[in-house]
Structure formats: structure tokens, C-alpha cells
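Remarks on the overall topology
Now for the letters of each chain:
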Amino acid sequence: MNKILLITKKGVSIPKKLKETLYRVFKAHGIDIVEEFKPEYQNQILAVVVLGGDGTLLRAAPTAYMLDVPLLGVNLGRLGFLTEITEDEAGKTFESLAKGTYEIEERLILEVYSGPKKYLSLNEVAIIKGPLGLMIHIKVDCDGKLLSVYHGDGLIISTPTGSTAYNLSAGGPIVHPQSDNFILTPICPFMLSARPIVIPADKKLSASLLYKAEEVHVIIDGYINFILSHEDRLQIKKAPRTLKLVRSPTRDYFEILRIKLGWAEVKV
């Protein structure tokens, strides 16, 4: 039996009407709802549905990517750049997902290697100094050639999808999510000439610490956190596939930007 993998935000009560609509729509099309992935479901999952905020969707993204199925996010949080489906739109979107008439937007994913470990990132990889307040020095190579050494509080390597997240807060540019590039944005750089740079996504990046430093963190999509030592080298590249994100049936990307960022409506 075909299945929808449902992922919800822990500790948050899901509106009763929304959950009833979810089960009713998919049951009418002979599709089961499961809230836990099991290996035997590998070829039965049609899509991953997230009820929550952007953080919940970011945690669900690697699962949807590895299953190579669409990811639909219904926003129950506050801002919701990624979970762009509203509760009012949910029923219509569930119906289109069940019928296979939905529209998707393909989003670039990062593969991040730290030694033998591999991580997937939809938004960004952030290399950040620890609590002692000492400046860190991050050497970045692009396709084996030196790009720069960043002196300051850290560095964000962002996807276009993540350009409206930590990257934007650090002064980086907003980049359309269908662009094929990376954004490197220094965090509080020592040199004012250290500015954000956008590079093609077919490049392979590596990042390491030029000098020893205390407790430098690597934070991936806000929920994966590990320590980067002086001997470590991060390898970052574009993943071979994209993430398939289900689009809002009523609003485009620019309308979502205007709403979420509070831009004044343009009267024409």
C-alpha cells in the first residue's frame, strides 16, 4: 500500500481539523499515513508531509532527499519560508499530492564531509567560534585553489534556499532558490573588505582552521552541531540530486518574500 510519511514538530499540538483533513484526503485515495519510517516502506513512500515550521522541515529534508520523494511543508510556526503551505491551503494541496497534480520546485542540496561522515544540508553550513570570544581563521579552497582566509567570528556557506536564513541575518544576499550556486558570507569579519561572494555550485569547497582555536563549531541547518579541530577539513559540494519541494498552489516565491520580510506592497 502506498504511504505518506508524516513528520510533525515535537511538543506542538497539531490542529484537530488539519489532521482530520490530512487523513481523510489520503484515505479517500487509498494512501496510508505513517509517522515512522521503516526499511520495508522504502518503495512505498509517495511523499513526506511536514506539519510544523522551517526547523521541522529542515530535519525532514534529508529523509525526503534519500527517498527521492516530494516534501510538502504546512506552516504551523511563525516565519515559514520553507513550510510555505498555509493551513487554509493544506486541504487543496493534500488533494493535489494524492492525485499527483502538484507542482514542485527543485532545491539544491549540499553534501558535507567531515572525515568519514557525510551530512546533507538544505540551508547552510556555519563554522562559528566558541564562547571564549577569540577570533578564528578559516582557510577556504575552491577546486583545490585558495579562495580566501576569513578572519572573524565565522563563515556561512549557504545554498540559495538558505539565503533567507542565517545568511541574510549576517548581511548576505537574497538569492532566488532556483539559482545554481553557493553563497559564502563571513560572520563579523575582522577586515571590512571581506564581503559575501556567490560562486557556481559545480565548484568543490574545502574549509579548515588556519590556526588552532578553542571549540569551533560546525552547525548544519541549525540542528547538527559538531566540533571542528585544527586537523579537520570540511569538504562541501553540490549533491547529485535536488530536493523536490511542493509549491504553494496560490503564491509564488516573490509574494512569499514580500509577506515574510514585510516589504511594502507595490501598487501598479
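Look above for the structure.
Reference entry: report on the structure contained in this document. (Residues numbered from 1 in each chain as written. Predicted model: local features only at pLDDT ≥ 70, side-chain atom pairs only at ≥ 80, totals over all residues. Heavy atoms only, no water.)

1. Quick notes on the nonpolar core
Val-112, Ile-138, Phe-182, Leu-184, Leu-205, Ile-220 and Leu-234 are the most contacted members of the largest nonpolar core, which has 28 residues in total. With residues up to four places along the chain from it excluded, the contact list for Ile-138 reads Ile-127, Ser-148, Val-149, Tyr-150, Gly-154, Leu-155, Ala-207, Ser-208 and Leu-209. By size, the runner-up hydrophobic cluster in this structure holds 22 residues, among which are Leu-57, Ala-60, Leu-82 and Ile-109. (Core = buried A, V, L, I, M, F, W, Y, C linked by side-chain atoms within 4.5 Å. Buried < 20%, exposed > 50% of the residue type's maximum accessible area, 1.4 Å probe, protein only. Contact = heavy atoms within 4.5 Å.)

2. Notes on the packing of aromatic side chains
Considering all chains together, one arrives at three aromatic pairs under this definition. Taking the centre distance of 5.1 Å and the plane angle of 15° together, the rings of Tyr-119 and Phe-226 count as stacked. Placement of the pair is Tyr-119 in strand S7 (residues 117-121) and Phe-226 in strand S15 (residues 224-228), with a sequence separation of 107 residues. With centroids separated by 5.7 Å and ring planes inclined at 65°, the aromatic side chains of Tyr-253 and Phe-254 adopt a geometry described as edge-to-face. A relative accessible area of 15% means that Tyr-253 is categorised as buried. A relative accessible area of 47% means that Phe-254 is categorised as partly exposed. Over the aromatic face of Tyr-65 sits the side chain of Arg-241, whose NZ or CZ is 4.3 Å from the ring centroid. (Phe/Tyr/Trp six-rings, centres within 6.5 Å; stacked < 30°, edge-to-face > 60°. Helix = DSSP H or I, 4+ residues; strand = E, 2+ residues; numbered from the N terminus. Lys NZ or Arg CZ within 6 Å of the ring centre and 35° of its normal.)

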